Amino acid sequence: MPTSALIELCILIPACGALFIAVSGRSPNLREGITLSTALGLLCVVAALYLRPDALHLAPIILGEPLPGLQFKLALEPLGMLFAGIASLLWVITSLYTIGYMRGNSESHQTRLYVCFAIALASTMGIALAGNLITMFLFYELLTMSTYPLVAHKQDHDAIAGGRFYLGILISTSVGLLLPAIIWVWQLSGTTNFTPGGILGSQLEPATVTMLLLMFAYGIGKAALMPIHRWLPEAMVAPTPVSALLHAVAVVKAGVFCMVKVVLYIFGVELLSASGSNVILTSIAGFTIVTASIIALRQDNLKRRLAYSTISQLSYITLAVSLLTPQAITGAAFHIASHAFGKITLFFAAGAIYTAAHKTRVSELNGIGRRMPVTMCAFAVASLSMIGLPPAGGFLSKWYIFQGAMVNDNLAVVALFLCSTLLNTSYLLPIVYVAFFKKESHPPHNAHGEAPLTMVIALTATAMLSLILFFWPQIPLHLASMLPGVGQ
Amino acid sequence: MSHLPILQVIIPLLAAPLCIVFNNRRIAWFVALCATWASFGVSLLIAQQVLQSGALSYDIGGWPAPWGIDYYVDSLNAFVLLIVTGISALALPYANRSVEQEIDPRSQPYFYSLLLVCLAGLLGISITGDAFNMYVFLELSSLSSYALIGMGPRRRALTAAYQYLVMGTIGATFILIGIGLLYSLTGSLNIQDISYQLHANNIIGSGNRTLLTAFAFITVGLSLKLALFPLHLWLPNAYTYAPSVITIFLASTATKVAIYMLLRFCYCVVGSESIFQLTLGQIVLLPSLAAIIVSSVVAIFQYDIKRMLAYSSIAQIGYITLGLSMSNHSGLSAAILHMFNHALMKGLLFMTMGAVSYSVGSVYLTDFRGLGRRMPFTMGAFIVGGLSLMGIPMTAGFVSKWMLVQAAIELGWWDVVILILIGSLLAVIYIWRVVETAYFNPLLELEEEEIGEAPLSLLIPMWLMVIANIYFGINSAIPVEFAQQAATLLLGGM
Amino acid sequence: MSWVGHYNYWVAIFLMMSGFYVVISRGNLIKKLIGLNVFSTSVFLLYISMGKIFGGTAPIINEHSQKFQLFSNPIPHVLILTAIVVGVATTAVGLALTVRINERYGTIEEDEIRAKDDSL
């Protein structure tokens, strides 16, 4: 099979999967079988793509041309490969988890959930493989649209209000800022193709560069830079598997992924460092890291605390790429992977606690580690990854970003890192501590053990991935080493 | 074939009396169907010839222009002809079931006959090269549309039609005065000849007051016809209470044809240079922006969804006239392209309204509860139309919005760019209100009666429109080619 | 002097504005239609007076036409013939609508119609 067909399959498989899931809605077993096999099929295709030597040097695949010169096209590059790999791998695990969760909580409208999940994955693949800004924008909007029904899933007042907020923020930033930014790029350079080293040339005024960069930074609302981060905690009304895959992996990672792509492939490292406007991005991201961590400290609802932690961790990636040094860019790419594995484990654990014990608050978790040891162990491993301690993947990404900051003697960033590590520790480790070492203060209604088996398997698997990433980081590092701004 | 231009008008015009002669609703429908499809075929042939070998000219009765009436087709009106016939060719198969339900059986042959007359009028406006002939066709189409709107199922249709009649007649009379004044200036009614006389006798840069008056009358009259804010008052009622098919038909064709007339008079007759201190662009710019913002906001507060879409139409017309007011190549191309794309998306959205009113009986927001599950195909089509209206990529709406924003950036009108985008966001709000109700509001316990999907004869044209909306979002080479040729032509003078 | 010379315009403008005023100010649908007719008739007069040339005759070419130097332009008159037909048709449609409104609402006064619609 030609490599270009494999690239197309990455989008087609989940899209067709969505269709089949919709048709097979009457039989839950068939529906979930199709979900799992679609996810597995996608993973195989992405793996095959990684093994193809020519995959990264392929001519772009053109899907359509609405205006002369304005094309929808797909092209694979290292970062997209990494993102596609993470998303497809975690989809398989999440599918397992979702089945357990949805049955365990006997949720309604399950078919719609699975269909939207598959469409969201198709859009995520589209973002990962987009060959230019227009295609990226297209799939970015599709991702927003397809995740809206997931957020509003419960259909009660809170869920619909949360869904409105989610859609409102994401659509208005993307249409109001991202789209004009893209059109402006098109106006300036006559193209929107992702080209290593950027397409804007070196003649632009620093003021224009800064303006454009800000439009992109806030237009890509999914990257959750403050002050447009509020959609993320609002979206936590969704069922936990949705929060796990979409709001720890697909949606938010799509945001930072787009951010990194724009910096590396549209502006280019040279233009940004020459104009000095990257400093603005660094400061916004730095501010977000610290502020979101402080807010996370004060959240009692477990999922909301994790949401604010996500906001802060996402800004690590934005901050890293804005430093523009090779080590920092490597760190940014690596953090996409390590944060994904870590955060999804945390969400899985939160969902498992909800399913088994019906607890959603941090203050109710005293002693829960004795009832659910596997879940809380996984939670502990993921917490280490978030904080950036060995032996978890998060350590390596922080290591690289730290190095990237030291190269430029960027002491402010170094100080910021120390501060945020302290904050991370203080909002995550107490949960682990009380779970294992405190007496149960809120006895559950019934003596429960672990959550259903598929959920436990899923969260163990992701926790293992976090560890594996520490010991065998070759694949993400290899891909990161091929990024523009790193390789030369 | 050399007689194509006259066939374009004469086919529906001759088929109209046939509908009444047979006086049977099925035969009448079939005659109308054949006539519209034949017109569509003719317009395709014309478009092909125009693209291949340039403008076509046809002298009626063998009298050469400027003495006789000539039909003159260039890439601009070939495009308009395609829009009008294309939409009617899709609306007619749709009409069968919808009209059966909404209109008294005895009036149905008259209904189809009037529809054909209206079509003939619209095609006549688009194809003729003679200013007075244009007026006659305008009145032909308007008179039949007053009657068609008055046939709506609710009694408010009658008052809506009356209101439209009064405002439409005032508009048409203004146009008549304008044409008369142009005639007294140049002694000619042929548009090309008027333009030639004006330029040859140096009337255009000389500050001639008759010319100014003529254009003031024509612009105001046409603004009434095309429902340019704030002369749009007739439109919401007319669209809301008209029979479903008529709303589909008028929303996607009648206003477009009026815009075409404005383009023709303003650009082909005087050219793009300013008549006096003001250019057309400066006059139209503010009403267009006001239309985009105000009508979108008003649309958000409507509970009758057909009425909401009517207000959205006014906003979309604002986009078209905004492109027109830019008076540069990219702005004009965007405007002309948006005529086409707006016809596609509004046609589609009003088709879904027709289907909902067919199955549910009315189109209030509360009627949409739970429809996502009960009418999945109709609501799916509504979502696609809505996405197109918002300007999401891979839909037709995106392409024209892209071109419009690009044209505004080219001129450095950043404030206009912001307003265009605010307009899109407002569209998101009013479309999403419906989607949310349809998918996330459960049915009330009381409503147990079975509401099913609309019949296939409504769904097929609807989904053809869906496909068109998506196809022209992915590959709009053909309409863009037409729009750019037409824009070049308009800016280059005749 | 020049604006006395243009008295045909003044007549047309006067008629037009009075017709317009009737359309706007009257609530009775029939009266509105009458106003509309006055309004459009003013334009007919404008056209006809435009084509009139004092001392001009009909431009018919036959054996006598050598005797005349000045001809009136017939085209505005012909055009207005068409416009009159259009006007008649408009009035007919308007009256038909009024009849139907009277059947359905039982009144042709605008404010009463509005009151009946609002009470629903």
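Residues numbered from 1 in each chain as written. Chains lettered and ligands numbered in written order. Predicted model: local features only at pLDDT ≥ 70, side-chain atom pairs only at ≥ 80, totals over all residues. Heavy atoms only, no water.

Colleague: I'd love a proper account of the overall build of chain A, names of residues and values included.
Modeller: When helices and strands are counted, chain A shows 19 helices and two strands. Whereas a compact globule of 488 residues would reach a radius of gyration of roughly 23 Å, chain A reaches 21 Å, a difference of no more than 12%. Counting only residues that meet the buried cut, chain A has 64% of its 488 residues in that class. Sequence-distant contacts in chain A: of pairs separated by 6 or more residues, those separated by 24 or more amount to 81%. For chain A, the computed accessible surface area is about 16,000 Å², with 67% contributed by carbon and sulfur atoms. Of the side chains in chain A, 24 bear a positive and 17 a negative charge, and the two mean positions are spaced by 10 Å. (Helix = DSSP H or I, 4+ residues; strand = E, 2+ residues; numbered from the N terminus. Rg over C-alpha atoms; globule rule 2.2 N^0.38 Å. Buried < 20%, exposed > 50% of the residue type's maximum accessible area, 1.4 Å probe, protein only. Contact = heavy atoms within 4.5 Å. Areas by Shrake-Rupley, 256 points an atom, 1.4 Å probe, with all protein chains shown as cover. Lys, Arg positive; Asp, Glu negative; His and termini not counted. Charge placed at Lys NZ, Arg CZ, Asp CG, Glu CD.)

Colleague: Summarise the confidence of the model for chain A; cite the residues concerned and give the values.
Modeller: For chain A, mean pLDDT is 84; residues scoring 70 or higher make up 99% of the total. No element of chain A has a lower mean pLDDT than strand β1 (residues 61–67) of chain A, which averages 79, and none a higher one than helix α5 (residues 133–151) of chain A, which averages 89. (pLDDT = per-residue confidence, 0-100.)

Colleague: Could you give an account of the interface of chain B and chain A, with specific residues and numbers?
Modeller: Between chain B and chain A, the residue contacts involve 31 residues of the former and 33 residues of the latter. Taking both partners together, chain B and chain A bury about 2,900 Å²; carbon and sulfur atoms supply 78% of that area. Run the count over chain B and chain A and you get one salt bridge. Close ionic contact of Arg164(A) with Glu436(B) constitutes a salt bridge, the shortest N to O distance being 2.7 Å. At the junction of chain B with chain A, the criterion picks out three residue pairs in polar contact (both at pLDDT 80 or more). Elements represented by at least two residues in the side of chain B that touches chain A include exactly α15 (376–390), α16 (396–411), α17 (414–440), α18 (456–474) and α19 (477–491) of chain B. Top contributing element to the side of chain B that touches chain A by residue count: α17(B), with ten residues. Of the residues in the side of chain B that touches chain A, the class split is 22 nonpolar, six polar and three charged. (Buried area = accessible area lost by both parts, 1.4 Å probe. Salt bridge = Lys/Arg side-chain N within 4 Å of Asp/Glu carboxyl O. Polar contact = N/O pair within 3.5 Å; in protein donor to acceptor, adjacent residues only side chain to side chain. Nonpolar A, V, L, I, M, F, W, Y, C, P; charged D, E, K, R; others polar.)

Colleague: Give me the lowdown on helix α13 (residues 329–359) of chain B, citing residues and values where you can.
Modeller: Residue and element names in this part refer to chain B. The terminal C-alpha atoms of α13 lie 45 Å apart, and with 31 residues this matches the ideal 45 Å at 1.5 Å per residue to within 8%. Along α13, the helix axis deviates most sharply at His338, where the bend reaches about 25°. Most of α13 sits out of view: 29 of its 31 residues are buried. Of the residues one or two after α13, Gly361 is the one with positive phi, at around 110°. (Expected span 1.5 Å × (residues − 1). Bend = angle between axes of the 7 residues up to and from the residue.)

Colleague: Give me the lowdown on a nonpolar patch on the surface, citing residues and values where you can.
Modeller: Residues and elements named next belong to chain C. On the surface, Tyr7, Tyr9, Trp10, Val11, Ile13, Met17, Leu45 and Phe54 cluster together into a nonpolar patch covering about 840 Å² of accessible area. Ranked by residue count, the leading element in the nonpolar patch is helix α2 (residues 7–25), at six residues. Structurally, the position occupied by Leu45 is in helix α3 (residues 29–51). (Patch = residues over 30% accessible without salt bridge, like charges linked within 9 Å, V, L, I, M, F, W, Y side chains within 5 Å.)

Colleague: I'd like to hear about the environment of Ala235(A), residue by residue, with values.
Modeller: If you trace the backbone, Ala235(A) turns up in the loop between α8 (231–234) and α9 (240–267). Not counting residues up to four positions away in its chain, the partners in contact with Ala235(A) are Val151(A), Tyr166(A) and His247(A).

Colleague: Kindly report on the pattern of salt bridges, identifying the contributing residues and their values.
Modeller: Taken as a whole, this structure holds 15 salt bridges over all chains when the rule is applied. We note a salt bridge from Glu100(B) to Arg26(B), for which the minimum N-O separation is 3.4 Å. Of this pair, Glu100(B) sits in helix α3 (residues 75–102) while Arg26(B) sits in helix α2 (residues 25–53), placing them 74 residues apart in sequence. In this structure, the salt-bridge partner of Arg155(B) is Asp117(C), at a minimum N-O distance of 4.0 Å. Of this pair, Arg155(B) sits in the loop between α5 (131–150) and α6 (156–186) while Asp117(C) sits in helix α5 (residues 110–119), on two different chains. Through salt bridges with shared partners, one network takes in Arg25(B), Arg26(B), Arg97(B) and Glu100(B).

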